[in-house]
Each structure stands twice: as structure tokens, then as C-alpha cells.
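Here are the chains, one letter per residue:
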Amino acid sequence: MIDVVALGEVMLRFDPGEGRIRTARTFQVWEGGGEYNVVRGLRRSFGLRTAVVTALADNAVGRLVEDLILQGGVDTSLICWTPDDGIGRSARNGLNFVERGYGIRGALGVSDRAHTAASQLRKGDVDWDAVFSAGARWFHTGGIFAGLSDTTPDVADEAMAAARRHRVTVSYDPNYRPSLWAGRGGAEAAREVDLRLARHADVVVGALSLAGTYPGQARVGADEVADALAEVAGLLPQAKVLATTLREVPSAGVNDWSSAAWSAETGFVTGPRMPGLQVLDRIGSGDAFAAGLIHGLLSDTGLERALAYGTAHGALTMTTPGDVSMASLAEVEALIAGGSAHVSR
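Analysis parameters
- Note that residues are indexed from 1 along each chain, following the sequence as it is written.
- Given that the model is predicted, a residue must reach a pLDDT of at least 70 before its local features are reported, and side-chain atom pairs must reach 80 or more before they are shown or counted; all residues, however, enter totals for whole chains, interfaces and linings.
- With hydrogens and water excluded, all non-hydrogen atoms of the structure serve as input to the side-chain values.
- Every helix listed is a DSSP run of H or I at least four residues long, and every strand listed is a run of E at least two residues long, numbered separately from the N terminus.
- With the radius of gyration taken over C-alpha atoms, the globule rule is written as 2.2 Å times the number of residues to the power 0.38.
- Each residue is assigned to one of three classes by its accessible area relative to the maximum for its type, calculated with a 1.4 Å probe on protein chains only: buried under 20%, partly exposed between the two thresholds, exposed over 50%.
- The contact rule is simple, with two residues in contact once any of their heavy atoms fall within 4.5 Å.
- This count recognises Lys and Arg as positive and Asp and Glu as negative, with His and chain-terminal groups excluded.
- Taken as the charge centre is NZ of Lys, CZ of Arg, CG of Asp or CD of Glu, depending on the residue.
- Per residue, pLDDT captures the predictor's confidence, and it can take any value from 0 to 100.
- As used in this record, nonpolar core signifies buried Ala, Val, Leu, Ile, Met, Phe, Trp, Tyr and Cys residues forming a set joined through side-chain atoms within 4.5 Å.
- We treat two strands as partners when DSSP finds at least two bridges between them.
- Fitted lines through C-alpha atoms serve as axes, helices being fitted only where they are in contact, and the angles separating the N-to-C directions of these axes extend from 0 to 180 degrees.
- Any two of the Phe, Tyr and Trp rings considered here, Trp counted by its six-membered ring, make a pair once their centres fall within 6.5 Å; the pair's planes then place it as stacked at under 30 degrees, edge-to-face at over 60, or tilted in between.
- Over a ring means this: the NZ of a Lys or the CZ of an Arg is within 6 Å of the ring centre and within 35 degrees of the ring normal.
- Two N or O atoms form a polar contact when they lie within 3.5 Å of each other; inside protein one atom must be a possible hydrogen donor and the other a possible acceptor, and for residues adjacent in sequence the pair counts only when both atoms belong to side chains.

Some words on the overall build of the protein chain
Step number 1: Counting its regular elements, the protein chain contains 11 helices and 15 strands.
Step number 2: Relative to the compact-globule value of 20 Å for 345 residues, the protein chain shows a C-alpha radius of gyration of 19 Å, a close match.
Step number 3: Seen through its C-alpha atoms, the protein chain measures out along the principal axes to roughly 50 × 50 × 40 Å.
Step number 4: Residues classed as buried in the protein chain amount to 54% of the 345 residues present.
Step number 5: Across the protein chain, the fraction of contacts at a sequence separation of at least 24, relative to all contacts at a separation of at least 6, is 69%.
Step number 6: Charge centroids of the protein chain, computed over 32 positive and 40 negative side chains, lie 3 Å from each other.

Concerning the confidence of the model for the protein chain
Step number 1: The predicted model of the protein chain has a mean per-residue pLDDT of 94, with 97% of residues at 70 or higher.
Step number 2: A low-confidence stretch, residues 341–345 stays under pLDDT 50, and its non-local contacts, those more than four residues away or across chains, total 0 contacts.

With respect to the nonpolar core
Step number 1: Counting residues in each nonpolar core, the largest one holds 50 residues, and the members touching the most others are L7, W128, F132, F139, V204, L236 and L242.
Step number 2: For this core, the secondary structure elements donating two or more residues are β1 (4–7), α3 (128–133), α4 (143–146), α5 (152–165), β10 (169–173), α6 (178–181), α7 (186–198) and α8 (225–235).
Step number 3: Each residue touching F139, except ones within four places of it in the same chain, is listed here: V5, A6, L7, W128, F132, A159, M160, A163, V168, T169, V170 and S171.
Step number 4: Judged by nonpolar contacts, the second largest core, of 47 residues, contains Y36, L68, I69 and L307.

A short note on the sheet that holds strand β2 (residues 11–15)
Pairing between the strands of a sheet is mediated by backbone hydrogen bonds and can be parallel or antiparallel.
Step number 1: The strand order across the open sheet formed by 4 strands is β3-β2-β7-β8, and the pairing between neighbours is mixed. Each edge of the open sheet carries a strand with a single partner, namely β3 (28–32) and β8 (108–112). Along the sheet, successive strands turn relative to each other by an average axial angle of 25 degrees, direction set aside.
Step number 2: When strand β7 (residues 95–99) meets β8, the two strands line up antiparallel, connected through 5 bridges. Across the sheet, residue E99 finds its bridge partner in β8, namely L108.

Some details on the environment of Y172
Step number 1: By secondary structure assignment, the location of Y172 is in strand β10.
Step number 2: Y172 sits in the buried class, given a relative accessible area of 0%.
Step number 3: The sequence separation of Y172 and E35 amounts to 137 residues, and the corresponding C-alpha distance is 9.1 Å.

A word on the packing of aromatic side chains
Step number 1: Here the structure, examined in full by the defined rule, presents 7 aromatic pairs.
Step number 2: With centroids separated by 6.2 Å and ring planes inclined at 85 degrees, the aromatic side chains of F46 and Y309 adopt a geometry described as edge-to-face. Here the residue F46 occupies a position in the loop between α1 (34–44) and β4 (50–53), and Y309 occupies one in helix α10 (residues 303–317), the gap between them amounting to 263 residues. Accessibility classification places F46 together with Y309 in one group, the buried group.
Step number 3: Arranged with centres 5.8 Å apart and planes meeting at 70 degrees, the rings of W128 and F139 form a pair that is edge-to-face. Note that W128 is positioned in helix α3 and F139 in strand β9 (residues 138–142), a separation of 11 residues in sequence.
Step number 4: Each residue in the set F14, F27 and F97 is aromatic and connected to the rest through ring pairs, giving one cluster.
Step number 5: We note R184 situated over the ring of W181; from NZ or CZ to the ring centre the distance is 4.7 Å.
Step number 6: It is R305 that lies over the ring of Y309; its NZ or CZ is 5.0 Å from the centre.

Concerning the environment of H166
Step number 1: With respect to the helices, strands and loops of the structure, H166 is situated in the loop between α5 and β10.
Step number 2: Since its relative accessible area comes to 29%, H166 is described here as partly exposed.
Step number 3: Taking the C-alpha atoms as reference points, H166 and R105, separated by 61 residues in sequence, lie 47 Å from one another.
Step number 4: Non-local contacts of H166, meaning those with residues more than four positions away in its chain, are made with D129, F132 and S133.
Step number 5: Within the structure, H166 has its side chain in polar contact with the side chain of D129 (distance 2.9 Å).

Focus: the side chain of T152
Step number 1: Position of T152 among the secondary structure elements: in helix α5.
Step number 2: A polar side-chain atom of T152 sits 3.2 Å from the main-chain carbonyl oxygen of A146.
Step number 3: Discounting chain neighbours no more than four positions away, the residues touching T152 are A118, S119, L121, F145, A146 and G147.

So, the side chain of D323
Step number 1: Following the sequence through the fold, D323 ends up in the loop between α10 and α11 (329–336).
Step number 2: The exposure class assigned to D323 is buried, which follows from its relative accessible area of 7%.
Step number 3: At a separation of 2.8 Å, a polar atom in the side chain of D323 contacts the side chain of R13.
Step number 4: If we skip the residues at most four places from it in the chain, D323 touches R13, E31, G32, G33, N37, I283, G284 and T317.

Observations regarding unusual backbone geometry
Step number 1: A positive phi angle, near 60 degrees, is found at H115, a position not held by glycine.
Step number 2: Position of H115 among the secondary structure elements: in the loop between β8 and α3.
Step number 3: Classification of H115 by relative accessible area gives exposed; the value is 58%.

What follows is the structure, given as C-alpha cells:
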């Protein structure tokens, strides 16, 4: 039985290490994707049984992605395989080139993901009642998948509605990417889709991006977070939990990292503060936060403890390369308890 199911695109990430994309001669390859990273973290770090619903072109590159997913312990039985035409004319697999950044040079992502198999998923392609009747407890998707094409919001809508019919807890992360919406209505269109889908969700991660009139408009100061989450709660009256990471970026290698959340039961609560956090690779840290939060909520630890799991897991994910978490539950709990970077022997 699967505990948590995610819907999203899984891409190959090409990492030039400490170098630049434009001058690289070698890359390390990882798998990654906003929604997938969450279930990967829940599987490897927190021991939950997870699966991803996605689509891949059936060629050697798609099978490489599958192999990486399998190494991460995530169930691949729900992957939709699209026939390969030999050159990717009709469908292809997404690629993501990412520089980690250093000092004053920020991280850089160059995605190559148009016309992918996942972007061509349509309503009716997946038997969601069959997916959720198998006993899943949680379903997660987000704005990256919804932003892939004009058809993917309907797929997410269909999936979330089916999850609710089966009494599966639903989470949604707006996760706005300007590149996905360029030429397709921009931030205003993204917000319309996010609000449409987030109204299905019990838990909204990254909820601060729904404050203001379009994603990224509101620059929320530390003393304004509670009011901003209250504003979002007014837009999403059915949401049980609204959560967000809080990050200041003095440099690519040093971030001030924390979190906050709201629920009708607890009101506004804050997570652990981690100022001056040393960062190797920040990509995927928000997804790791979501994984830790979901683990805590599924374990009935209470919202404050769930925030601590999310914050610590996100912090540890920033200490290793690649999108996906390499942290163990023991390491997460040690950090929550005030652990240090001393050598463990």
C-alpha cells in the first residue's frame, strides 16, 4: 500500500558542480522535480511508501529517469509511458541544467522542458479512483506541474477532486516559475490557476506566494508574515494548514532560514530559526520542507513539531548536492534537538 502519491514532472538535472553551465565539460546527473522531490524525501528520509504519477518518453533517457526514481525508492508503477518517435518530435523528457551559485553569484537554472511527455498529460489519462482506492493517505501536487501546459491544470484538478472523494488529505504548493508562464498569461494566469487548485487542498505549502495580487508581488517582512497568512486563509477558507518557508539570502552560500504556518486550531506559529545557514545547494530545499511538514502532520505531531521537521529537513537538504534529500530521520531529529556539526563516530 502506498502512503503518499505525488503528481508532477520528473526531469534530469545536469549539475556542473562548482563550475558554470556555459563552460562545463562534464556534468553529474540527478533526477528532480518539485512535486517528485517531496515523495522522494518522504521515502528516503522518513520511511513512508510513496509513488509518483508522471509521464516519460519511452527511450533510454526516460529509462534513466526511471532508474534514478527506483534508486530513490519511489514506486514507478504509475508512470505513463509515451511512445518514442526517435527524435523527440512528439514527446520528450525534460532536462534541467542548474548552477549552484557562490557568494555574490546566485544559483541559475536553465530548463529544457517544452513539449515533454508530462506536459501532454490530459484529463482522463489516469484512473484516479483506482490510484486512491488502494489506500493512499496523502496526495501532493503543485504549481510547477500545473504550469507545464494548458492541459495540466485540468489533470491536477481531476486528481485533487478524486483524492477528496476518497478522503485522502491533499496538499498543494503554488511554486511559481515565471519561465513556465511566459507567453501564457504570466503571473496573473498562474495565480488564477493556483487559486482554482488550492481550493481543493487541505494543506497549502508555500502559501505566502498567494498573498498579494499575483505571485511574487508581495515582499513580506518578518513582522508581516502572520497578516499575510491570514489574508491567504481568507482566500482559502477550506484549508486546514497554510505553511511557508522564510528565507533571506545574504549570499548564495549563506541563507537565513526559518518557517511559519497557520491553522484554524493553532493560529499563527513559527518554526525554528536558522540564521547564517551554510548552503551548498539550495535547490529542492522547499520541497524538503514540504516533505518534513507532511511527515509531521501524518504522524500527528502537532503543527509546531511538523514545522520543525520541515525546517530541519530543508536545512539539511541544502548541505548536499542535487534536488533530492540525502538526510536521514536521525539527522533531522538531531538537528531539531539542537545538534551540531561535530564529527559523529
